[in-house]
Amino acid sequence: MRKAMMSAAAAVLMALSGSALAAGGVEVPEREWSFEGVFGTYDRASMQRGLQIYKESCSGCHSLNLIYFRNLTDLGYTEAQAKAFAAEYEVQDGPNDEGEMYTRAAIPSDRFVKPFPNDNAARAGNNGALPPDLSLMVEARPGGANYLYALLTGYADAPAGTDMMEGMNYNNYFPGHQIAMAPPLSEDGIEYEDGTKATVAQQAEDIVTFLAWASEPNMEARKKMGIKVMIFLIVLTGILIAVKKRVWADVH
Amino acid sequence: MSTAPQWKNPVVRWVDERLPIFTYMDHEYNQFPMPRNLNYFWNFGALASIVLVVMIVTGIMLAMQYTPHVDHAFNSVERIMRDVNYGWLIRYIHMNGASMFFIVVFIHMFRGLYYGSYKAPRELLWMLGVVILLLMMATAFMGYVLPWGQMSYWGATVITNLFSAIPLVGEWIVTLLWGGFAVDNATLNRFFALHYLLPFVLVGVVGAHVVSLHITKSNNPDGIEMKGPQDSVPFHPYFTAKDSVGMGFFLIFFAFFVFFAPNYLGHPDNYIEANALVTPAHIVPEWYFLPFYAILRSITFDVLFIPAKLMGVILMFGSILILFILPWLDTARVRSAKYRPIYKYVFWVFLIDCIVLGWVGAQPAEGTALIIGQIGTFYYFIHFLVVMPVLGKIETPLPLPASIAEPVTGGGGGASAGAAAAKMEKS
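Residues numbered from 1 in each chain as written. Chains lettered and ligands numbered in written order. Predicted model: local features only at pLDDT ≥ 70, side-chain atom pairs only at ≥ 80, totals over all residues. Heavy atoms only, no water.

1. Section: the overall build of chain A
Reasoning step 1: Across its full length, chain A carries seven helices and four strands.
Reasoning step 2: Its helices and strands in sequence order give chain A the pattern α-α-α-β-β-α-α-β-β-α-α, from N to C terminus.
Reasoning step 3: By the burial criterion, 40% of the 252 residues in chain A qualify as buried.
Reasoning step 4: Of the contacts made within chain A by residues no fewer than 6 positions apart, 61% connect residues no fewer than 24 positions apart.
Reasoning step 5: On chain A, roughly 13400 Å² of surface is accessible, and the fraction owed to carbon and sulfur atoms is 55%. (Helix = DSSP H or I, 4+ residues; strand = E, 2+ residues; numbered from the N terminus. Buried < 20%, exposed > 50% of the residue type's maximum accessible area, 1.4 Å probe, protein only. Contact = heavy atoms within 4.5 Å. Areas by Shrake-Rupley, 256 points an atom, 1.4 Å probe, with all protein chains shown as cover.)

Structural data, given as structure tokens:
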């Protein structure tokens, strides 16, 4: 009876949570990621290449509003490097003592600079489509990193007979298959600073690793603490079982 | 057994003579008699109270950092996740704690259903439990709106709109819930206020639930009353020790989700900020609402003069309200399914029905899923309205043991089956 009820409880949990996940569209292939699993960490070199892709390819259209320049030290950069990276951008500040707004070089405590001042400007510059903010992209899509990788590498010629809408591109994995974003990555479309060969697959892996970090910058701290907490709880539970057995010894 | 303790410490004695909190604690949590044959399913009440405290503590900490305004709510939650010290930990505990609360309470309830814990004299104890469930659902629903993601917004829109199905006053109620003419800033503000208030109401009702339990004492796997000291053990140290073991396993389970799968039970769409102009492909509530959501959506046809939408709403609320009268719908005099040869299977059929409804709740309401949902909904009510009253009349229960102590100690003739069962409980 007890075992049956236990397994029923487990079955309920799995059935319900599993079905909640299965709300996506097309099945996306599973890949291995550096940040998966209990001991997973973000691959620093891959993230740095991903930042370069974001800067050179994505940031023309997509904002990254939740990330500050100071966060770049998570990628393995020094504070001086983060400061230098920020200084390449200009931000509006003010009003100053004369009541005027002015522009200045960005500093580490500034957020990443948006490509468009507002959503309407973004639509106007992109054929009516709004490029979404990328800060939470990996958490905000069913399938997460696997889905984004599949999407970025999943552009193809539309099968014969597909009625493509004006300005749309065919993608194997985008829900509905018609995506406004043109293929963002191309073979050797970027020259990596560290000399890595810039295949489309390599670029997709790098940008997805970078965006996974942007979605959850505290993941490494979470898993590290989790391992300690688990060890503590398992030891504690062992002691509690021993205490319970001792206490109940005279009853059974 | 219940002798008044002599307090040696003069300060304790002075306080106790004026306000007997020490005598009360001694009576209710030290000497308090518990049936000696309880299995680990009797841990879940204690576990629920632990989660309630965890939720209130983490909730207050989150409220110190959260901004209940449509323009800032989503980003203030992300600020908690990114920039507040250990904010990610507090928020993941709170977010997963809601799921843990429902897991624990559902198991607690199904335990009550299996062992007949709702029957006389524990009807009021059970009914207070149903009030707790309703308060939990209201609190969880409003809490899910606060991060102001897409599912927050659209879930709030769908659920508040349900009230418009009520004749005459429906529209008025919806306007009152919204604080305007759409889910907007006023809605978010009042939901935040109520989400902060209701847990404290919950604490009050839990208090009444526990007081009521301490009057009737715990039910047990045999479903027979304690007849004397040989049937019971004092709460401390026996159940403080046993509940601690349950707590250990539960915290491991809880921590696994918090640290290694924090978003597994959530929905990705809630990491997209609320947008009134973009409706998500399917609006799905949190997993613990899915069976009720399935019942709501299963009514796709008008019933006599009642429109389909209203009927769905009636059945959804009815599926919980019917639990209030379960103690009178169940006509069997034997409590525990252990001694009810047919109910034993009926229980599992009902549990499977609830799981199937949960699955249906996550599917789009069309095709096979809709039909399965309709059958599941039909059976849900048949279980309570037909099976439970009739079964109690026609079922021949197995002979009950003479006392709790008898099967536990294996003493007395003809108790071998009971003794074997007790051995199973132990292993």
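There's more to say after this.
2. Some words on the overall build of chain B
Reasoning step 1: Scanning chain B from terminus to terminus reveals 17 helices and two strands.
Reasoning step 2: Scaling as 2.2 N^0.38, a compact globule of 427 residues should have a C-alpha radius of gyration of about 22 Å, and chain B matches this with 24 Å.
Reasoning step 3: Here the C-alpha coordinates of chain B stretch approximately 70 × 60 × 40 Å along the principal axes.
Reasoning step 4: Per-residue burial over chain B gives 56% buried out of 427 residues.
Reasoning step 5: Excluding contacts between residues fewer than 6 apart, the proportion of contacts in chain B whose partners are at least 24 apart in sequence is 79%.
Reasoning step 6: Counting 24 positive and 24 negative side-chain charges, chain B places the averaged centre of each group 10 Å from the other. (Rg over C-alpha atoms; globule rule 2.2 N^0.38 Å. Lys, Arg positive; Asp, Glu negative; His and termini not counted. Charge placed at Lys NZ, Arg CZ, Asp CG, Glu CD.)

3. Section: helix α14 (residues 343–362) of chain B
Helical periodicity: at 3.6 residues per turn, an α-helix aligns residues three or four positions apart in one direction.
Reasoning step 1: Over its 20 residues, α14 of chain B extends 29 Å from the first C-alpha to the last, a length consistent with the 28 Å expected when each residue adds 1.5 Å.
Reasoning step 2: Taking burial as the measure, the 20 residues of α14 of chain B include 14 buried ones, the bulk of the element. (Expected span 1.5 Å × (residues − 1).)

4. Thoughts on the pattern of salt bridges
Reasoning step 1: The full count for this structure, using the stated rule, is 18 salt bridges over all chains.
Reasoning step 2: A salt bridge links D194 of chain A to R49 of chain A; the nearest nitrogen and oxygen atoms lie 2.9 Å apart. Here D194 of chain A, found in the loop between β4 (178–179) and α6 (200–215), pairs with R49 of chain A, found in helix α2 (residues 44–58); they are 145 residues apart in sequence, far enough to count as distant.
Reasoning step 3: Using a relative accessible area of 11% as the deciding quantity, one classes R49 of chain A as buried.
Reasoning step 4: Between R340 of chain B and E395 of chain B there is a salt bridge whose closest N-O contact spans 2.8 Å. In this pair, R340 of chain B sits in the loop between α13 (326–329) and α14 while E395 of chain B sits in the loop between α15 (367–394) and α16 (405–409), placing the two residues 55 residues apart along the sequence. Each member of the pair, R340 of chain B together with E395 of chain B, is buried. (Salt bridge = Lys/Arg side-chain N within 4 Å of Asp/Glu carboxyl O.)

5. Here's the deal with unusual backbone geometry
All names here are of chain B.
Reasoning step 1: Note the cis peptide between A120 and P121, where omega equals 5 degrees.
Reasoning step 2: Following the sequence through the fold, P121 ends up in the loop between α5 (87–114) and α6 (123–145).
Reasoning step 3: A cis geometry characterises the amide bond from H236 onward to P237, with omega recorded as 5 degrees.
Reasoning step 4: Tracing the chain through its elements places P237 in helix α10 (residues 235–260).

6. Regarding the interface of chain B and chain A
Reasoning step 1: Each partner contributes to the interface: chain B provides 64 residues, whereas chain A provides 52 residues.
Reasoning step 2: For the pair chain B and chain A, the summed buried area comes to about 5000 Å², and 75% of that belongs to carbon and sulfur atoms.
Reasoning step 3: On the chain B side of the interface with chain A, the three residues burying the most area are R82, Y238 and F260 of chain B, jointly 15% of the side's total.
Reasoning step 4: A salt bridge links R70 of chain A to D83 of chain B; the shortest N-O distance between them is 3.4 Å.
Reasoning step 5: At the junction of chain B and chain A, the tally comes to 11 residue pairs in polar contact (both at pLDDT 80 or more).
Reasoning step 6: Of all the elements in the fold, those that place two or more residues in the side of chain B that touches chain A are α4 (73–82), α5, α10, α14 and α17 (416–426) of chain B.
Reasoning step 7: Split into classes, the residues belonging to the side of chain B that touches chain A amount to 45 nonpolar, 10 polar and nine charged. (Buried area = accessible area lost by both parts, 1.4 Å probe. Polar contact = N/O pair within 3.5 Å; in protein donor to acceptor, adjacent residues only side chain to side chain. Nonpolar A, V, L, I, M, F, W, Y, C, P; charged D, E, K, R; others polar.)

7. Digging into the nonpolar core
Reasoning step 1: Membership of the largest hydrophobic core comes to 140 residues, with the highest contact counts inside it found for F101, F102, L113, W148, Y343 and Y380 of chain B.
Reasoning step 2: Broken down by element, the residue count for this core peaks at 18 residues, all from α5 of chain B.
Reasoning step 3: Leaving out residues up to four positions away in the same chain, Y380 of chain B has contacts with I295, S319, I322, F350, D353, C354 and L357 of chain B.
Reasoning step 4: Counting 49 residues, the second-largest nonpolar core is a separate cluster that includes Y89, A106, A145 and I190 of chain A. (Core = buried A, V, L, I, M, F, W, Y, C linked by side-chain atoms within 4.5 Å.)

8. Quick word on the confidence of the model for chain A
Reasoning step 1: For chain A, the mean per-residue pLDDT works out to 90, and 90% of the residues sit at or above 70.
Reasoning step 2: When mean pLDDT is taken per element in chain A, helix α7 (residues 219–248) of chain A scores highest with 98 and helix α1 (residues 2–21) of chain A scores lowest with 48. (pLDDT = per-residue confidence, 0-100.)

9. Observations regarding the environment of T240 of chain B
Residue and element names in this part refer to chain B.
Reasoning step 1: Note that T240 resides in helix α10.
Reasoning step 2: Sequence separation between T240 and H27 is 213 residues; the distance between their C-alpha atoms is 14 Å.
Reasoning step 3: Reaching out from T240, the side chain makes a polar contact with the backbone oxygen of P237 at a distance of 3.0 Å.

10. Focus on the confidence of the model for chain B
All names here are of chain B.
Reasoning step 1: Taken residue by residue, chain B gives an average pLDDT of 93. The fraction at 70 or more is 94%.
Reasoning step 2: Below pLDDT 50 for its whole length, residues 411–427 participates in 15 contacts with residues either more than four positions away or in separate chains.
Reasoning step 3: Predicted complex, confidence summary: ipTM 0.90, pTM 0.91.

11. As for the packing of aromatic side chains
Reasoning step 1: Enumeration according to the criterion identifies 46 aromatic pairs over all chains in this entry.
Reasoning step 2: Ring geometry for Y153 of chain B against W154 of chain B: centres 5.2 Å apart, planes inclined by 80 degrees, an arrangement best described as edge-to-face. With respect to burial, Y153 of chain B and W154 of chain B carry one shared label: buried.
Reasoning step 3: Both rings, one in Y288 of chain B and one in F289 of chain B, keep their centres 4.9 Å apart while their planes meet at 70 degrees; by these two values the pair is edge-to-face.
Reasoning step 4: Relative accessible area serves as the criterion here: at 2%, Y288 of chain B is assigned to the buried category.
Reasoning step 5: The ring of Y192 of chain A is capped by R49 of chain A, whose NZ or CZ atom sits 5.7 Å from the centre of that ring.
Reasoning step 6: Its end group placed over the ring of Y68 of chain A, R70 of chain A keeps NZ or CZ at 4.2 Å from the ring centre. (Phe/Tyr/Trp six-rings, centres within 6.5 Å; stacked < 30°, edge-to-face > 60°. Lys NZ or Arg CZ within 6 Å of the ring centre and 35° of its normal.)

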